[in-house]
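What follows is each chain in one-letter form.
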Amino acid sequence: MEKSNLIKILKSFNPKEFKEFGEYVYSPFFNKNESVKKLYDYLKKHYPDFESVKIEKEVVHNKIFPGVDYNDDFMRMLIFNMTKLAEGYLAYLRMINSEWEMKRMLVYELNERHLDKPMEKMMKKTLLELEKTKRKTSDWYLTKYYFQTENISYLRRKYLNSFEKFLKEAPLEDLHEEFTAYYLMTVLRMHNFLLNVKKIYKFEKEAVSFEKAIETLDKKFLNKTPLIEIYYNLNMMLFYNDVKYFYAAKKKVFDCEDLINPGDMLDILINLQNYCTRRIRRGDIKFAKEVFTLYKLEIERELYSHYGYLHDILYKNTVELGIQIGESEWVKKFSEQYKKFLHPEVREDVYSYGKAFIEFNEGNYEKALEYLSMIKLYDINIKLEVKELSAKIYFELKMEDMLYSLTDTFRHLIANSKVLTPNRKTSNSNFIKYIKRLYKINLHPNAGDLAEVKHMIKKEELLENRLWLNSKIEELEKKIKK
């Protein structure tokens, strides 16, 4: 039973939910099968761990039906029946925890049963409550559309023989605007996601249908809700790479922060952060402080909790960038205070990377290498980051053989990757090229060679670790002047 859907669902229940599920199982309205009740009572003794040896089907059968020969078909059916109850309980939880879903189902039933007075009362009350909602998300518009659809269905029945009265009262224009607003928010958000994915990974899916929808967008809807305007600007920002759309989206976010729910705010900030990161790679250094401000806003508002854990990319980027723009003390506190919010599967690896970067910044290169050696390379991003930081450490320690060996394996990793975009490959390959050039100049300082590399880096469109490379150039310039 350990790998069954039933055990997976039961493990997801918190203690309150597990107890309440027992009441659900024991309710004759939902379940009249006594054997299922016995199964729940047995499993309750082993919640939440459900040790595999204690929940094997034969073991469970012998415990709850002593003296009865084991019947595998019977046990399968018993598990199936309890799984259906557990799934029903999950649906029940979603229903009662949804602000509007219960009311929507009730309005539907009242309308179907022609219970007109309670239907009218419920509809009027619900629409007033919806209008008082401060944060109008895409779900809000879809919910309003559902209620208005039911309202129109009711009015068609009420004014069956008086079409003029129906047209006068039916909110047909509202229905169109609410569904259009929902549609636009959904399309803009999805297109935005695809544009971002294409800039990070090699992704061949076309988005022509999304682009056509945006081209035909009625501009009056931009003012319908802040989210449509923000996502429109984010799409334009990514599609045309025009900085004016970045600042337009950012301004709207800060002007309307209290009108945006945490989930949407997180998604918007991630989009703005990714854009800043790409600008930095292209040499627009002023975006370093822009993106750090956005990182801090996401952290201080605890928006990362929307997904349950602090994302490893946010943690690593905050540490790296904070160190590079002189926020070392804040970063040290952050790295310790927020470690516990990382996902357990990557927590120690991400924390070790952060510690390695902090130790590297303080000149403790051997200690930094120790931390890097503790990391399991769980995806392409952490592989690239570990190799980048290792290369910088070997540069500082003047470990020529190690540096050249690492840059060789680094180059093969980039070339053989099937998920990195051409831009990402170019950006990392350029870093390898310039760290090797600067290493040679560091060993044999030459003002002419340094000036040439400085000029090349300045003109380089795609370059990883630009801030660090610029800092090395400044150090070498001072060294040569002496």
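Basis of the calculations
Residues numbered from 1 in each chain as written. Predicted model: local features only at pLDDT ≥ 70, side-chain atom pairs only at ≥ 80, totals over all residues. Heavy atoms only, no water. Core = buried A, V, L, I, M, F, W, Y, C linked by side-chain atoms within 4.5 Å. Buried < 20%, exposed > 50% of the residue type's maximum accessible area, 1.4 Å probe, protein only. Contact = heavy atoms within 4.5 Å. Salt bridge = Lys/Arg side-chain N within 4 Å of Asp/Glu carboxyl O. Helix = DSSP H or I, 4+ residues; strand = E, 2+ residues; numbered from the N terminus. Axes fitted to C-alpha atoms, helices over the stretch in contact; angles between N-to-C directions. Parallel < 35°, antiparallel > 145°, perpendicular 65-115°, else oblique. Left-handed = near helix turned anticlockwise from the far one by under 90°. Nonpolar A, V, L, I, M, F, W, Y, C, P; charged D, E, K, R; others polar.

Peer 1: I would appreciate a short explanation of the nonpolar core in the present structure.
Peer 2: As a rule of thumb, soluble globular proteins bury nonpolar side chains together. Counting 114 residues, the largest nonpolar core has Ile268 and Leu372 as the members making the most contacts within it. Discounting residues that sit within four places of it in the chain, Ile268 has contacts with Leu227, Ile230, Tyr231, Leu234, Val253 and Ile260. Residues Met1, Phe50, Ile64 and Phe65 belong to the second largest nonpolar core, which totals 29 residues.

Peer 1: Just checking my understanding: could you explain the pattern of salt bridges for this structure?
Peer 2: Overall, the coordinates contain 37 salt bridges when judged by the stated rule. A salt bridge links Lys250 to Glu290; the nearest nitrogen and oxygen atoms lie 2.6 Å apart. With Lys250 in helix 13 (residues 243-255) and Glu290 in helix 15 (residues 287-300), this residue pair connects regions lying 40 residues apart in the sequence. You can call Glu290 buried: its relative accessible area is 16%. It is possible to trace a salt-bridge network through shared partners that takes in Lys57, Asp72 and Arg76.

Peer 1: Help me out: how do you make sense of the packing of helix 3 (residues 34-44) against helix 4 (residues 57-64) in this one?
Peer 2: Two numbers describe a pair of packed helices, the interaxial angle and the distance between the axes. Direction vectors running N to C along helix 3 and helix 4 enclose 110 degrees, while the axes themselves pass 10 Å from each other. With respect to helix 4, the axis of helix 3 lies roughly perpendicular. Considering the relative orientation of helix 3 and helix 4, their crossing is right-handed. Counting all contacts with helix 3, which are made through Lys38, Leu39 and Tyr42, the residues of helix 4 involved are Val59, Val60, Lys63 and Ile64. The residue inventory of the contact of helix 3 with helix 4, partitioned by class, reads five nonpolar, no polar and two charged.

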